[in-house]
Amino acid sequence: MQEKDAVSIKYFKDKRRFADLINGHLFGGKEFVKTVKEKCKTSKGGHNVCRAIQDLITEGVQQGFQDGFQDGFQQGELLTRNVFQLKLSGADYEEIAQKCHILVDRVQEILEGTPI
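All of the points below concern the structure found in this document.

Definitions and limits used
Residues numbered from 1 in each chain as written. Predicted model: local features only at pLDDT ≥ 70, side-chain atom pairs only at ≥ 80, totals over all residues. Heavy atoms only, no water. Core = buried A, V, L, I, M, F, W, Y, C linked by side-chain atoms within 4.5 Å. Buried < 20%, exposed > 50% of the residue type's maximum accessible area, 1.4 Å probe, protein only. Helix = DSSP H or I, 4+ residues; strand = E, 2+ residues; numbered from the N terminus. Contact = heavy atoms within 4.5 Å. Arc of directions from axis to C-beta. Salt bridge = Lys/Arg side-chain N within 4 Å of Asp/Glu carboxyl O. Patch = residues over 30% accessible without salt bridge, like charges linked within 9 Å, V, L, I, M, F, W, Y side chains within 5 Å. Areas by Shrake-Rupley, 256 points an atom, 1.4 Å probe, with all protein chains shown as cover.

Re the nonpolar core
At step 1: Of all hydrophobic cores here, the largest spans 12 residues; its members are L79, V83, L86, A91, Y93, I96, A97, C100, I102, V107, I110 and L111.
At step 2: Of all the secondary structure elements, the ones that give two or more residues to this core are α4 (49-88), α5 (93-100) and α6 (104-112).
At step 3: Tallying contributions element by element places α5 first for this core, with 4 residues.
At step 4: Those residues in contact with A97 that sit more than four places away from it in its chain are I102, L103, V104 and V107.

Structural notes on α5
At step 1: Here α5 has its buried residues at Y93, I96, A97 and C100. Taken end-on, α5 shows its buried residues confined to a sector of 100°, consistent with a single buried face. In α5, the exposed positions that point more than 90 degrees away from the buried face belong to Q98 and K99.
At step 2: The first or second residue beyond α5 is H101, which carries a positive phi of 60°.

A short note on the pattern of salt bridges
At step 1: Scanning the model with the defined rule gives 2 salt bridges in all.
At step 2: Of the charged contacts, one joins E95 and K99 as a salt bridge, the two residues approaching to 3.2 Å between their closest N and O atoms. Taken as a pair, E95 and K99 lie in helix α5 at a separation of 4 residues, close to a single helical turn.
At step 3: Between E109 and R106 there is a salt bridge, and its shortest N-O distance comes to 3.1 Å. Of the two residues, E109 and R106 both sit in helix α6, 3 residues apart, roughly one turn of that helix.
At step 4: On the basis of relative accessibility, which here comes to 22%, the residue E109 falls in the partly exposed class.

Comments concerning a nonpolar patch on the surface
At step 1: Nonpolar side chains collect at one region of the surface, where I53, I57 and V61 lie side by side and expose about 250 Å² of accessible area between them.
At step 2: Relative to the helices and strands, I57 resides in helix α4.

What to know about the environment of A97
At step 1: Mapping A97 onto the fold places it in helix α5.
At step 2: Placed 11 residues apart in sequence, A97 and Q108 show a C-alpha to C-alpha distance of 9.4 Å.

Structural data, given as C-alpha cells:
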C-alpha cells in the first residue's frame, strides 16, 4: 500500500471497509470502481471521488424517478381500464370506487373526463 493510501485510510473509522471500497469489493465491485475513476478525473489528471460519487447518486435518483414515473403511468392505465370494464359490466360509480379502492369523484373523473 502506498503512503498516501495509508494516510487516507487513517481518517476512516472502519479501515477494512474503506480498503474494500478502494480495492473494488463494495458497491458492485471493480466495475463500480472503474466507473468512479472514469467519472472523477480532474483536468490535472487527479481524481475527485466525492464528485464522482455525487454524480452516480444523481444518476441513480434520476433513473429512480424515471422508473417510478413509468410504473405510475402503467398503474394509471390499469386503473382506467378496470374502471371502464366495470362500468361496461353494469357497475355503478359507488361499486366501481369500492372495487378499485378509489373515491367516487375519481371514478367520475376517469369516466367523464372531468378533473376533480
